[in-house]
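Listed here are the chains, written in short residue letters.
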Amino acid sequence: MDRLKTPARLMIVSDLDHTMVDHHDSENLSLLRFNALWESNYRHDSLLVFSTGRSPVLYKKLREEKPMLTPDITIMSVGTEITYGNFMVPDDGWVEILNQKWDRSIVIEESKKFPELTLQAETELRPHKVSFYVEKDKAQAVSKALMERFEKHGLDVKIIYSGGMDLDILPQGAGKGQALAYLLKKFKTEGKLPNNTLVCGDSGNDAELFSIPEVYGVMVSNAQEELLKWHAENAKNNPKIIHATERCAAGIIQAIGHFGLGPNTSPRDVMDFLDCKLENVNPGHEIVKFYLFYERWRRAEVENFEPYLASLKAACDPSGVHVEPTGSEHSLCDGIDGMRSIYGDKQGKQFRVWIDRVLPTQISSNTWLVTLNKWELSGEECKCCKTTVIISSKDAAVASDGFTWLHVHQTWSEEETNLKDHSTIIF
Ligand code: GLC
Ligand code: MG
C-alpha cells in the first residue's frame with residue numbers, strides 16, 4: 001500500500017455482512033454515517049480494509065447494492081484473497097503461502113462423502129476455499145470427522161463455521177486473522193505499522209481477527225452466538241475488545257469513541273454545520289459537509305438555511321468555475337444561487353448523496369487539489385461523478401479559518417450504474 005507515505009493513523013479492518021453493512025437497514029443510515037465520518041476525518045491518513053467471506057463475484061454484487069466506500073485493501077473469500085487499491089491488484093505472495101499442505105481436489109472428494117454437507121454456489125468455491133452449508137447441530141461432529149480424513153491425507157486445513165450455517169474449509173495458514181497478521185508483518189517491514197488497528201466483526205469467521213495481538217476489536221451488538229461464545233472462552237479478559245451496544249457500522253463508530261482512536265462524530269450527526277468549524281481542518285471535511293448540506297437541501301431537511309447559504313457563497317472564489325459533467329460551465333456563485341430552485345425537490349423521496357475516495361493533494365502552502373467520487377442515489381437511479389475540487393484555506397497556518405472553493409470539475413464515471421438521465425446534476 002503506497003498511498004500513505006507514513007504509518008496509518010488508524011487502520012480499520014471490518015467484516016461486511018452484518019458488520020459494516022446492516023441488511024436490516026433499508027436506508028443504510030449507519031453505513032452512510034460511517035462513510036461521512038471516514039471521508040471527512042480519516043481517509044487522508046488512515047487505511048480502510050474490508051475483510052469478507054464473500055468471493056470477488058459476491059463482493060462486487062454487494063458494492064452495487066449498498067452505498068459502500070472503496071477500501072484501500074480488500075480481503076475476500078475468508079482471508080484467502082488479498083487485493084490492493086481501487087484496481088484490486090492481487091497479492092501473489094499470499095497465494096504462494098496458501099499452497100502449503102493444501103490439495104483442493106482431495107478436500108472436495110472427501111467432503112462429498114458427507115451427506116450433511118451441501119455445496120455452496122460455484123462462485124463461492126475458490127482456489128483456497130471450499131464452502132458448504134450445514135445445519136447448526138451437525139456442524140461440530142462433521143467438522144471433527146472431516147479433519148480426521150484430511151489429516152490422513154497429510155493435509156493441514158482449517159474448518160470455520162459462521163452465521164449458524166456456513167462451513168468453510170481453508171488451508172491452515174489462511175483465514176481472516178492470518179491474512180491480517182500477514183499484512184501487519186508487511187507494514188512492519190516497510191516501517192509503516194499503523195498507529196492503531198481496529199478489527200470489527202459479527203460471526204465465526206471473524207473470531208481470528210480478535211486474536212491478533214495489539215489490535216482493538218469490536219463485536220457489533222448483533223454479533224452471532226458462535227462469535228460471542230468464542231469470545232467468552234478465549235478473550236473474555238481482553239480490555240481491548242468490546243461488545244458494542246450499537247448495531248453494525250454504528251457499533252464501529254461507537255468503538256472508535258470508546259477506545260479514543262480519533263474523532264467519532266459523523267458529520268451526519270451534526271445538524272448545524274456553522275457550529276462545527278474549529279476542530280475539523282482538513283479539506284475532506286469541508287467537501288463532505290458541502291455534499292451533506294446538498295442532500296439535506298434537496299430533501300428539505302435544512303432549517304434556517306440563509307446563514308449557511310450565505311457562508312457557502314462567501315466561500316466561493318468570485319472567479320471560481322464549476323464545469324459540469326455535460327461540459328457546460330457556470331460560476332460557482334451562480335451555482336449556489338441556482339440551488340434555490342431545487343430546494344426540497346426530493347422531499348419524501350429516496351435521495352442520498354455520499355462521497356468516496358476523497359484524496360487531497362497539497363499543491364501549494366494553502367491550496368489542495370482534491371479528487372473524489374460523488375454518488376447520488378435518487379429512487380432507483382444511482383449516478384457517480386468523478387469530481388475534482390481545488391480549494392484553499394484562507395489562512396495558510398490555520399485552515400480552521402475557513403476554506404475558499406476555487407474550482408469544481410465533474411465528469412461521468414465509468415463506475416456509474418443504472419444511469420438513465422444525465423441532465424439533472426447540479427453539484
Ligand atoms: C460468505 C461467503 C460464503 C462463506 C461465508 C462464511 O457468505 O459467500 O461462501 O461460507 O461468507 O465465511
Ligand atoms: Mg458478517
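Here the structure is a predicted model, which is why all the values come from computation and not from measurement. The numbering scheme is per chain: residues are counted from 1 as the chain's sequence reads. Whichever chain is written first becomes A and whichever ligand is written first becomes 1, with later ones labelled in order. Totals for whole chains, interfaces and linings use all residues, but because this is a predicted model, local features are given only for residues with pLDDT of at least 70 and pairs of side-chain atoms are given and counted only at 80 or more. Values shown for side chains rest on all heavy atoms present in the structure; no hydrogens or waters enter the calculation.

Q: Any chance you could explain the UniProt feature "domain: Sucrose phosphatase-like" (unreviewed entry) in the protein chain here in plain terms?
A: The sites that UniProt annotates as "domain: Sucrose phosphatase-like" (unreviewed entry) are residues 9-260. Here a strand is any run of E in DSSP of at least two residues, a helix any run of H or I of at least four, and the numbering for each starts at the N terminus. With 36% helix and 20% strand, residues 9-260 has end C-alpha atoms that lie 12 Å from one another. UniProt positions are given in the numbering used here, feature names are shortened, and annotations may be inferred rather than shown by experiment.

Q: Which parts of the structure should I look at to understand the coordination of the magnesium ion (ligand 2)?
A: Octahedral metals with six donors have ideal donor angles of 90 or 180 degrees. Tetrahedral metals with four donors have an ideal donor angle of 109.5 degrees. Only nitrogen, oxygen and sulfur atoms qualify as donors, provided they sit within 2.8 Å of the metal or within 3.2 Å for Na, K and Ca; with water excluded from the atoms, sites may seem incomplete. All of the protein donors around the magnesium ion (ligand 2) are Asp15 (OD), Asp17 (O) and Asp202 (OD); their distances to the metal are 2.1 to 2.3 Å. Within one chain, the residues donating to the magnesium ion (ligand 2) are spaced in sequence as D-x1-D-x184-D. Of this pair, Asp17 sits in the loop between strand 1 (10-14) and helix 1 (29-42) while Asp202 sits in the loop between strand 10 (196-201) and strand 11 (216-219), placing them 185 residues apart in sequence. Both residues of the pair, Asp17 and Asp202, belong to the buried class. A 1.4 Å probe rolled over the protein chains alone gives each residue an accessible area, and that area as a share of the maximum for its type sets the label: buried under 20%, exposed over 50%, partly exposed in between.

Q: Help me understand the environment of Asp17 in this model?
A: Assessed through its relative accessible area of 17%, Asp17 is described here as buried. For the pair Asp17 and Val302, spaced 285 residues apart in sequence, the C-alpha separation works out to 32 Å. In this analysis, two residues are considered to be in contact whenever any of their non-hydrogen atoms come within 4.5 Å of each other. Sequence-distant contacts of Asp17, that is, excluding residues within four places in its chain, are made with His23, Thr52, Arg54, Leu62 and Asp202. For this analysis, a polar contact is any N or O atom pair within 3.5 Å, provided that within protein one partner can donate a hydrogen and the other can accept it, and provided that sequence-adjacent residues contribute only side-chain to side-chain pairs. Among the polar contacts made by the side chain of Asp17, one reaches the side chain of His23 at a distance of 2.7 Å.

Q: How should the environment of Ser413 be read in this particular structure?
A: Tracing the backbone through its elements, the reader meets Ser413 in the segment after strand 18 (403-412). Its relative accessible area of 1% is what places Ser413 among the buried residues. When neighbours within four sequence positions are excluded, Ser413 is seen to be in contact with Cys384, Cys385 and Lys386.

Q: Even after reading the chapter, I still don't get the side chain of Asp168, so can you show me in this structure?
A: Following the sequence through the fold, Asp168 ends up in strand 9 (residues 166-171). His is not counted, nor are the chain ends, whereas Lys and Arg count as positive and Asp and Glu as negative. When a carboxyl oxygen of Asp or Glu is within 4 Å of a side-chain nitrogen of Lys or Arg, the pair counts as a salt bridge. The buried charged residue Asp168 lacks any salt bridge partner; its closest oppositely charged side chain belongs to Lys129, at an N-O distance of 4.1 Å. Polar side-chain contacts of Asp168 include one of 2.6 Å to the side chain of Ser131. With residues near it in sequence (within four places) discarded, Asp168 still touches Val78, Lys129, Val130, Ser131, Lys158, Ile159 and Ile160.

Q: Where do I start with the sheet that holds strand 17 (residues 381-393) in this structure?
A: For sheets, the rule is that strands pair by backbone hydrogen bonds, running either parallel or antiparallel. When DSSP finds two or more bridges between two strands, those strands count as paired. Spatially, the six strands line up as an open sheet ordered 14-13-18-17-16-15, and their pairing is mixed. Single-partner strands in this sheet number two, and they are strand 14 (329-331) and strand 15 (351-364). Along the sheet, successive strands turn relative to each other by an average axial angle of 20°, direction set aside. One ladder, built from eleven bridges, connects strand 15 with strand 16 (residues 367-378); its direction is antiparallel. Bridge pairing in strand 16 links Thr361 to Leu369. What counts as an axis is a line fitted to C-alpha atoms, over the stretch in contact for a helix, and the angles between N-to-C directions run from 0 to 180 degrees. The sheet contacts of helix 9 (residues 283-298) involve strand 15, strand 16, strand 17 and strand 18, and relative to strand 15 the element is tilted by about 155°.

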